[in-house]
Amino acid sequence: QQQQQQQHQPAQSQAQRKRKRLEAPLHPSDTGGDVLSRFHPQRLHCPGMPTSFPEDFTVDDIPSKITLTSVELGRASAPQPERLSRNYLMPTSTDGTDTSELVKHTEVVIQIRLYQSKRPTKMQEFLVLGSQALTELRDQFSCVLDEMYKPPDWPESLLKSGFFFIEKTFYNDMRFACSMDYSQPILAWAQAPEQRGRPEYTGLQTASMADTTFDQLTLHINQPYLYYHQGNCEHIWTVTDIRMTHDADESSRHLYPVQTYQARVRRKRCRICEVFHAKWTTHNDEMVSENPCYFCDACYQQLHLQPNGDHKYPYDVFPY
């Protein structure tokens with residue numbers, strides 16, 4: 001018992017000393033103004049820390065060694081610079097171009113940007129002259145839907161028809177006998193009793209795309225306009241620049257509209273080899289699990305054709 005009491009005595013005496021130290025009154029020099037002066041904010045300054053921050057201080061000015069969660073979230077939400085788009089436009093030769101008609105020095109050059117139909121991604125860019133008709137620009141627009149295979153019974157009117165919607169005016173392409181006026185159903189809907197009194201649906205007009213030139217239009221920079229074609233395909237296009245011609249521009253009028261940008265055209269690969277681009281697409285194909293399914297030329301022939309060229313089993317096939 002005496003040994004156990006001796007072992008507990010040091011612990012008890014240590015706890016008693018700690019309690020007495022906490023209960024002891026503060027020294028007179030550590031109270032009042034002395035304590036405040038000792039812990040004044042000016043004394044609590046880390047070496048290398050700035051005493052003030054500029055008004056334009058942003059998250060990007062914080063050193064990269066700082067790994068606070070709030071700083072990382074701030075860096076992630078900060079606006080990033082616009083990613084440069086790679087131009088996949090193939091160079092073309094201008095040798096043999098008709099130079100009999102030159103561009104006048106008083107001509108206006110308009111830069112137009114066409115966007116994808118389902119997402120706001122730049123697809124093409126052109127330089128068009130102010131004296132050119134709207135149809136000349138429309139003929140240069142390239143959409144994947146235009147290049148897709150159409151069955152023989154596909155209405156030709158869908159292939160030829162289209163319009164530009166610019167500042168409350170529908171400019172319809174009626175150059176062909178089979179062309180349809182896509183704006184008529186829209187105008188009928190806008191003039192319905194349910195839409196009366198709404199200012200955005202008043203003053204709508206129609207005009208001919210072939211008879212209208214760009215210098216007759218009232219265009220605004222970066223104002224979204226509409227290109228409608230193929231029955232249900234819509235593209236936004238904008239005017240990014242309007243200027244006079246200069247020496248760096250093409251001098252021959254026959255070269256306009258001049259294409260200056262082309263986005264990458266993504267083509268599907270063969271679902272069998274996953275190497276070559278698809279050349280055929282099959283529908284209702286019992287040998288594959290996808291409908292439609294895409295094949296390159298070699299894989300399609302091995303799977304679907306007999307040595308004499310006949311089909312091994314019934315299915316629908318179209319060029320891709």
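Everything here concerns the structure above.
In this text, all values refer to a predicted model and were calculated from it rather than measured experimentally. (Residues numbered from 1 in each chain as written. Predicted model: local features only at pLDDT ≥ 70, side-chain atom pairs only at ≥ 80, totals over all residues. Heavy atoms only, no water.)

Brief notes about the nonpolar core
Step number 1: One finds Ile112, Phe164, Ile166, Phe214, Leu219 and Trp237 to be the most contacted residues of the largest nonpolar core, which totals 20 residues.
Step number 2: Of all the secondary structure elements, the ones that give two or more residues to this core are strand 1 (108–115), strand 2 (122–129), helix 4 (134–138), strand 3 (162–166), strand 6 (225–229) and strand 7 (233–244).
Step number 3: Leave out the neighbours within four places in its chain, and Ile166 touches Tyr171, Leu217, Leu219, Tyr225 and Trp237.
Step number 4: Grouped together as the second largest cluster of nonpolar side chains are nine residues, Leu158, Tyr182, Leu187 and Leu204 included. (Core = buried A, V, L, I, M, F, W, Y, C linked by side-chain atoms within 4.5 Å. Buried < 20%, exposed > 50% of the residue type's maximum accessible area, 1.4 Å probe, protein only. Helix = DSSP H or I, 4+ residues; strand = E, 2+ residues; numbered from the N terminus. Contact = heavy atoms within 4.5 Å.)

Focus: the side chain of Asn172
Step number 1: Along the chain, Asn172 falls in strand 4 (residues 169–172).
Step number 2: Side-chain polar atoms of Asn172 contact the side chain of Asp181, separated by 3.1 Å.
Step number 3: Filtering out sequence-adjacent residues up to four positions away, Asn172 remains in contact with Gly162, Phe163, Asp181, Tyr182, Ser183, Thr206, Ala207, Ser208 and Met209. (Polar contact = N/O pair within 3.5 Å; in protein donor to acceptor, adjacent residues only side chain to side chain.)

Here's the deal with the environment of Glu200
Step number 1: Within the secondary structure layout, Glu200 lies in the loop between helix 7 (183–190) and strand 5 (205–208).
Step number 2: C-alpha of Glu200 to C-alpha of Lys168: the two residues are 32 residues apart in sequence and 8.6 Å apart in space.

Quick word on the side chain of Asp173
Step number 1: Mapping Asp173 onto the fold places it in the loop between strand 4 and helix 7.
Step number 2: When its relative accessible area of 0% is taken as the criterion, Asp173 is described as buried.
Step number 3: In this structure Asp173 touches Thr135, Arg138, Lys160, Gly162, Ser179 and Met209, once residues within four positions along its chain are discounted.

Brief notes about the pairing of strand 2
Regular strands place their side chains on alternate faces of the sheet.
Step number 1: Most of strand 2 sits out of view: eight of its eight residues are buried.
Step number 2: Pairing of strand 1 with strand 2, which is carried by seven bridges, proceeds in the antiparallel orientation. Residue pairing in the sheet places Ile110 in a bridge with Val128 of strand 2.
Step number 3: Bridging between strand 2 and strand 8 (residues 258–262) involves four bridges; their strand directions are antiparallel. From the neighbouring strand, Leu127 faces strand 8, where its bridge partner is Val258. (Pairing = 2+ DSSP bridges.)

Quick word on unusual backbone geometry
When glycine is set aside, most residues are seen to have a negative phi, and most peptide bonds are trans.
Step number 1: The step from Tyr256 to Pro257 runs through a cis peptide bond, and the omega angle for that step is 0°.
Step number 2: Mapped onto the elements of the fold, Pro257 is located in the loop between strand 7 and strand 8.
Step number 3: Cis geometry is adopted by the peptide bond preceding Pro292, which originates at Asn291 and carries an omega value of 5°.
Step number 4: If you trace the backbone, Pro292 turns up in the loop between strand 9 (280–283) and strand 10 (293–295).
Step number 5: Of note in this structure, Gln230 is not a glycine but carries a positive phi near 55°.

Here's the deal with a positive patch on the surface
Step number 1: There is a patch of like positive charges on the surface, built from Arg86, Arg119, Arg264, Arg266 and Arg269.
Step number 2: By the secondary structure assignment, Arg119 is in the loop between strand 1 and strand 2. (Patch = residues over 30% accessible without salt bridge, like charges linked within 9 Å, V, L, I, M, F, W, Y side chains within 5 Å. Areas by Shrake-Rupley, 256 points an atom, 1.4 Å probe, with all protein chains shown as cover. Salt bridge = Lys/Arg side-chain N within 4 Å of Asp/Glu carboxyl O. Lys, Arg positive; Asp, Glu negative; His and termini not counted. Charge placed at Lys NZ, Arg CZ, Asp CG, Glu CD.)

A word on the pattern of salt bridges
Step number 1: Tallied over the full model, the rule gives twelve salt bridges.
Step number 2: The partner of Arg253 in a salt bridge is Glu107, with the nearest N and O atoms 3.5 Å apart. Of this pair, Arg253 sits in the loop between strand 7 and strand 8 while Glu107 sits in the loop between helix 3 (69–77) and strand 1, and the two are 146 residues apart along the sequence.
Step number 3: Here Arg113 ties to Glu125 by a salt bridge, and the two come within 2.6 Å at their closest N and O atoms. With Arg113 in strand 1 and Glu125 in strand 2, this pair connects stretches of sequence that are twelve residues apart.
Step number 4: The class of Arg113 is partly exposed, set by a relative accessible area of 22%.
Step number 5: When salt bridges with common partners are traced through the structure, they connect Arg138, Asp139, Asp173 and Arg175 into a single cluster.

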